[in-house]
Amino acid sequence: MIRIDKITIKEFRGIRDLTLDLKGENFAACGPNGTGKSGIVDAIEFALTGNISRLAGAGTGGLSVKAHGPHVDSRNKPEAASVTVDVIIPALGNKKARVIRTVKSAGAPTITPPDKDVVDALETVNLHPEFVLSRRELIRYVLSEPGQRSKEVQALLRLDDIEKLRGVLQKIANTCNRALPGLERTETDAINKLLAVLDTPQLTKKSVLEAANPRRELLGLTPLSDLEANTSVKDGLTTTAASAPGRVPKGQAGKDLETLSEALEALKSDAFKAACKAVDDSAAELGKDADSLDGLSREALLKSALELYDGKACPVCDTAFEPDVFEAHLAEKLSHLEDVSKRRAALETELKPILDQMHTAGSALATMIDHAALFSPKIDVTALDEFRTVLRGRYQQVQKLLPLSDTRDVLAAATAVPDLQSDLATLQTAIAAIPEPTKQDAAREFLILADERLGHYRAARLAHIAGKEQAERATSVLKTYGTVTTAALEKIYKDVETAFANYYRKINEDDENAFTAKLMPSIGKLGFDVDFYGRGHFPPGAYHSEGHQDGMGLCLYLALMNHLLGKRFTFSVLDDVLMSVDAGHRRQVCALLSEMFPDTQFIFTTHDEIWLRHMKSEGLIKGRNFAHFRTWTVDLGPTEWDDRDVWTEIEDYLAKNDVRGAAALLRHYLEHFSKEACDRLRANVEFRGDAQFMLGDLLPNATSTLGSLLKKAKSAANSWNQKDVVERITAIEAAFSEAKVKTGYDNWQVNTAVHFNEWADLKKEDFGPVVAAFREFASSYACDTCGEMYSVSPDRGKKEALRCGCGKLNLNLLEKGA
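Residues numbered from 1 in each chain as written. Predicted model: local features only at pLDDT ≥ 70, side-chain atom pairs only at ≥ 80, totals over all residues. Heavy atoms only, no water.

*Asks:* Summarise the overall build of the chain; cite the residues concerned and give the values.
*Replies:* Along the chain, the regular secondary structure elements total 27 helices and 17 strands. Its C-alpha atoms put the chain at 140 × 60 × 60 Å along the principal axes. Counting over 818 residues, the chain shows a buried share of 46%. Long-range contacts, defined here as pairs at least 24 residues apart, represent 67% of the contacts in the chain between residues at least 6 apart. For the chain, the exposed area adds up to about 39800 Å²; of that, 52% sits on carbon and sulfur atoms. Looking at the chain, you have 103 positive and 118 negative side-chain charges, and the mean spots of the two groups are 3 Å apart. (Helix = DSSP H or I, 4+ residues; strand = E, 2+ residues; numbered from the N terminus. Buried < 20%, exposed > 50% of the residue type's maximum accessible area, 1.4 Å probe, protein only. Contact = heavy atoms within 4.5 Å. Areas by Shrake-Rupley, 256 points an atom, 1.4 Å probe, with all protein chains shown as cover. Lys, Arg positive; Asp, Glu negative; His and termini not counted. Charge placed at Lys NZ, Arg CZ, Asp CG, Glu CD.)

Okay, here's the thing in structure tokens:
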């Protein structure tokens, strides 16, 4: 990460030309709403990432960086809208670098020096856009739904891929397990067909060899001593052609015809009918419960949605979903259907024998239809083909179960077998007409067919074994992944939870020094409960005030960033975040940031001057590391309270003979000036509960205080026999007294009552000397080298010194022996 040394903003958002010298230290931008503070935040984010959060993503109303990044007057000159950031990179030994980015080439910043280590450091910042935090974003960690909180937190911690991968692994496991029944039936079919050829009830090595070897011996082939995985029972056979006249093996075709007849009879049997009736009764019972029936439909829909989800949008409603959110959303809904899932599983168990019988009949039909196609001419078995289609439809409906009424209809008609006698008789006649093969031909046909079906069986068996291994492996991987990641996540959340509670206790040590919190991760969710004064743990929004909730948001953000970056957390922009923190704990917040994050540069924005003073008095903001905006115009952008801008602007008013405007601005500035002077000089000011101080409440006190301090400094210098210092103070006193006298004669002219009455027809010639007097008067409060207003040190307790920012003035206020 980096620290910002200086930022220069030109024609960007509402800023025309602004340079801020941050010096790599904490910095605050203060001013009323609408004075350009957020423009600075936008500029920092843009310079470092090429993006502006407020102009990108959902809810921005069609705004874009390209169209709305430049100042409105430069909307057609994106090349003029630029931000230059000078940075310090602590990880590279405080190496300095510069980033220049224009809106026209937002994706291609100019980086100097273009060293790889510098580019990598800046890319790290680009990967962590969360360095900018607004109040709106802060509260999302605290008050959002557990699922959304989990998404936000995991995105911040770069953990979002964990749930995505979990979803992928779950999908793989589901797919593997769904394929198993089909693979099992295919293997069973292959076994039955092979057994039919072998004419044996059990498939073993011995039964295969006992069937094959006599035929091999008849054909003069060497008997097989063993049956390995790749042994061919027709090994050594010189031709694979079947004997004349047809290619249909007479003996096997006859057996297959018998198998088909038996399968069809089985469909019509009382046993099958009873089985269908029993399942139908169970289905009817389930159907009586409207909730369960609805639950079955919902469960099926949810599972289908999970299977069809493409990682982008819900396949049902076409709503965009992130993978982890979508899966968590559906998982939650499925969890409510657990009872329905159990009843469905029980019904599917009852249906399995029926499905097996249907599959057997369908397979026997397919075999005979294949035989029919081998005759010459081909035998028309349309009735068999049509029934196979019907049977396939029944099988598919029973397999998918829903709609339950359709499955019940199928079960009711499952024993209905059309009259297939004509086709069966035709096949029987055709098979009987095949010439009886010689013993050698019969043996050859046997070996060829047995070898073919043995091959099918081996392939089906290997596929089944591989499918089971895949399913077991996928399930195991999913389980292991879940166990490992859950443990890791729990540890991460525990660490964050501990840090969060420590931070929160620090800013609420007066009344919540025993505060604890609970971050509770579960699949796709992150629960968050906090202690409420020892009365139990509740969601943050339950009893805590909004100010406390905002404090929690800040603490949770800091805990997350600390976990994510550790020592690399060197930079953070808090856009009006501290404003929202409970006012009674701002001082503690300053202490938290200063003490717990001494290596992090914080950039604050606030519209509360009191907050700014808090930050300065607590040492969070040092020296003049702040920008105090007073106003903003579309022509000039934000304007700071500094001499150059104020006096130039007043002169501009006078040049137009707008004395009223010049006087109003002068008075406004003097109010700001005197407030700052009273603060720095620790002047005694009559307390006002509404904090609305008039110029008369402040300026006399600031003036008298500075005079008293100079006298005290002179007295101290005399006690130390520092004649040169005494002479210097005397000169300062003289200049100050002269300036004070000049303004004392003329200050009635800055009275608002004067300038808003017609009789006060002042001209610029009348008011120009007043401006000059106050300018000289204001400058007598500041160092002529650094321009910084004098201030008393320390800011609390006994006044010890009067100083400026650069140290040129450093007057001791303590007399010898004091």
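*Asks:* Pulling in residues and values, what's your account of the nonpolar core?
*Replies:* Ile44, Phe500, Leu558, Phe571, Leu578 and Phe604 are the most contacted members of the largest nonpolar core, which has 108 residues in total. Excluding residues within four positions of it along the chain, leucine 578 makes contact with Leu554, Arg586, Val589, Leu593, Phe604, Trp611 and Met615. Listed in part, the 54 residues of the second largest apolar core include Ala263, Leu267, Val381 and Val398. (Core = buried A, V, L, I, M, F, W, Y, C linked by side-chain atoms within 4.5 Å.)

*Asks:* Run through the environment of glycine 69, naming residues and quoting values.
*Replies:* Position of glycine 69 among the secondary structure elements: in the loop between helix H2 (65-68) and strand E4 (82-89). Linking glycine 69 and threonine 648, residues 579 residues apart in sequence, is a C-alpha distance of 29 Å.

*Asks:* Requested: an account of the pattern of salt bridges, with residues and values cited.
*Replies:* Overall, the coordinates contain 35 salt bridges when judged by the stated rule. Here arginine 667 ties to glutamate 671 by a salt bridge, and the two come within 3.6 Å at their closest N and O atoms. Taken together, the residues arginine 667 and glutamate 671, both in helix H23 (residues 659-681) and 4 residues apart, mark about one turn of the helix. Of the residues examined, arginine 667 reaches a relative accessible area of 13% and is grouped as buried. If you follow the salt bridges from partner to partner, you end up with Lys616, Glu676, Arg680 and Glu788 in one network. (Salt bridge = Lys/Arg side-chain N within 4 Å of Asp/Glu carboxyl O.)

*Asks:* Talk me through the confidence of the model for the chain; I want residue IDs and the actual numbers.
*Replies:* Averaged over every residue, the pLDDT of the chain is 85; residues scoring 70 or more account for 93%. Mean pLDDT per element in the chain: helix H26 (residues 752-755) is the minimum at 57, and strand E17 (residues 810-812) is the maximum at 94. For residues 240-246, every residue scores under 50 in pLDDT, and the model assigns this stretch 9 contacts once sequence neighbours within four places are set aside. (pLDDT = per-residue confidence, 0-100.)

*Asks:* Tell me what's going on with the sheet that holds strand E16 (residues 801-803), and back it up with residues and numbers.
*Replies:* The sheet built from 3 strands is open, its strands ordered E15-E16-E17 with antiparallel pairing. The open sheet has two edge strands with one neighbour each: strand E15 (791-793) and E17. Pairwise comparison of adjacent strand axes, ignoring direction, gives a mean angle of 25 degrees for this sheet. In the sheet, E16 pairs with E17 via 3 bridges, with the strands oriented antiparallel. Of the residues in E17, the one forming a bridge with alanine 801 is asparagine 812. Together, E15, E16 and E17 form the strand contacts of helix H24 (residues 695-719), whose direction differs from that of E17 by roughly 70 degrees. (Pairing = 2+ DSSP bridges. Axes fitted to C-alpha atoms, helices over the stretch in contact; angles between N-to-C directions.)

*Asks:* For the packing of helix H21 (residues 609-617) against H23, give the residues involved together with the corresponding values.
*Replies:* Packed helices, taken two at a time, are described by the angle between their axes plus the distance between the axes. Orientation of H21 relative to H23, taken along the N-to-C sense of each, is 30 degrees, at an axis distance of 13 Å. Here H21 is positioned roughly parallel relative to H23, judged by the angle of their axes. Pair H21 / H23 crosses with right-handed handedness. Across from Glu609, Arg613 and Lys616 in H21, the residues of H23 making contact are Lys675, Glu676 and Asp679. Here the residues of the contact of H21 with H23 sort into no nonpolar, no polar and 6 charged. (Parallel < 35°, antiparallel > 145°, perpendicular 65-115°, else oblique. Left-handed = near helix turned anticlockwise from the far one by under 90°. Nonpolar A, V, L, I, M, F, W, Y, C, P; charged D, E, K, R; others polar.)

*Asks:* Talk me through helix H6 (residues 146-156); I want residue IDs and the actual numbers.
*Replies:* Burial in H6 covers these residues: Arg149, Ser150, Glu152, Val153, Gln154 and Leu156. The positive-phi residue at the C-terminal boundary of H6 is arginine 158, with phi of around 60 degrees.

*Asks:* Summarise the packing of aromatic side chains; cite the residues concerned and give the values.
*Replies:* Any aromatic ring pair is given by two values, namely how distant the centres are and how the planes are angled relative to each other. This structure, assessed with the given rule, holds 20 aromatic pairs. Residues phenylalanine 597 and phenylalanine 602 carry aromatic rings whose centres are separated by 6.2 Å and whose planes lie at 90 degrees to one another, so their mutual orientation is edge-to-face. Phenylalanine 602 shares its class with phenylalanine 597; the two are buried. On the basis of an interplanar angle of 80 degrees and a centroid distance of 5.5 Å, the ring pair of phenylalanine 736 and tyrosine 781 is categorised as edge-to-face. (Phe/Tyr/Trp six-rings, centres within 6.5 Å; stacked < 30°, edge-to-face > 60°.)

*Asks:* Outline the sheet that holds strand E13 (residues 626-633), listing residues and values.
*Replies:* Strand order in the open sheet made by the 6 strands is E7-E11-E12-E3-E13-E14, with mixed pairing throughout. The sheet is open, and its two borders are formed by strand E7 (132-134) and strand E14 (637-640), each paired with just one other strand. Across the sheet, the axes of successive neighbouring strands diverge by a mean angle of 25 degrees, strand direction being ignored. By the bridge criterion, 3 bridges tie strand E3 (residues 27-30) to E13 in an arrangement that is parallel.

*Asks:* Kindly report on the packing of helix H8 (residues 205-218) against helix H17 (residues 439-507), identifying the contributing residues and their values.
*Replies:* Closest axis-to-axis distance for the H8/H17 pair is 9 Å, and the angle between their directions is 135 degrees. Considering the angle they form, H8 stands oblique to H17. With respect to the hand of their crossing, H8 and H17 are arranged in left-handed fashion. Along its contact with H8, which presents Ala211, Ala212, Arg215, Arg216 and Leu218, the element H17 presents Lys439, Gln440, Ala443, Phe446 and Leu447. Within the contact of H8 with H17, the residues separate by chemical class into 6 nonpolar, 1 polar and 3 charged.

*Asks:* Can you break down unusual backbone geometry residue by residue, with the values?
*Replies:* Here the residue pair serine 376 and proline 377 is connected by a cis peptide bond, since its omega of 0 degrees sits within 30 degrees of zero. Within the fold, proline 377 resides in the loop between helix H13 (338-374) and helix H14 (382-400). The backbone of aspartate 199 shows a phi angle near 60 degrees, a positive value even though the residue is not glycine. Looking at the element boundaries, aspartate 199 is found in the loop between helix H7 (160-198) and H8. Looking at aspartate 199, the relative accessible area reads 60%, which means it is exposed. Positive phi, normally seen in glycine, also occurs at leucine 401, with a value near 75 degrees.

*Asks:* Account for the state of the cysteines, with residues named and values stated.
*Replies:* Put plainly, two cysteines are in a disulfide when a covalent bond ties their sulfur atoms together. Scanning the model with the defined rule gives 0 disulfides in all. Free of any disulfide, cysteine 783 has its nearest cysteine sulfur in cysteine 806, 3.8 Å distant. Looking at cysteine 783, the relative accessible area reads 6%, which means it is buried. (Disulfide = S-S within 2.5 Å.)

*Asks:* Tell me about the side chain of arginine 3, residues and numbers included.
*Replies:* Here arginine 3 lies in strand E1 (residues 3-12). Look at arginine 3: it is buried, it has no salt bridge, and the nearest opposite charge is aspartate 599 at 4.8 Å. Those residues in contact with arginine 3 that lie beyond four places of it in its chain are Gly24, Asp86, Val87, Ile88, Pro90, Thr570, Pro598, Asp599, Thr600 and Gln601.

*Asks:* Outline a nonpolar patch on the surface, supporting the account with residue identities and numerical values.
*Replies:* Residues Val72, Trp632 and Val634 make up a contiguous nonpolar surface patch of about 230 Å² in total accessible area. With respect to the helices, strands and loops of the structure, valine 72 is situated in the loop between H2 and E4. (Patch = residues over 30% accessible without salt bridge, like charges linked within 9 Å, V, L, I, M, F, W, Y side chains within 5 Å.)

*Asks:* Could you give an account of H14, with specific residues and numbers?
*Replies:* What sets the pattern is the α-helix's 3.6 residues per turn: residues three or four places apart point alike. For H14, with 19 residues, the first-to-last C-alpha span of 27 Å sits near the 27 Å given by 1.5 Å per residue. Along H14, the residues that are buried comprise Leu384, Phe387, Leu391, Arg394, Tyr395, Gln397 and Val398. Each buried residue of H14 lies within a common arc of 165 degrees when the element is viewed along its axis, so the set occupies one face. At the exit of H14 stands leucine 401, carrying a positive phi of roughly 75 degrees. (Expected span 1.5 Å × (residues − 1). Arc of directions from axis to C-beta.)

*Asks:* Describe the environment of serine 779, and please don't skip the residues or the numbers.
*Replies:* Tracing the backbone shows serine 779 in helix H27 (residues 764-779). Along the chain, serine 779 and alanine 155 lie 624 residues apart, while their C-alpha atoms are 52 Å from each other. Separated by 2.7 Å, the side chain of serine 779 and the backbone oxygen of glutamate 776 make a polar contact. (Polar contact = N/O pair within 3.5 Å; in protein donor to acceptor, adjacent residues only side chain to side chain.)

*Asks:* Run through the side chain of threonine 407, naming residues and quoting values.
*Replies:* The residue threonine 407 is located in helix H15 (residues 404-413) in this model. On the accessibility criterion, threonine 407 (1% relative accessible area) is buried.

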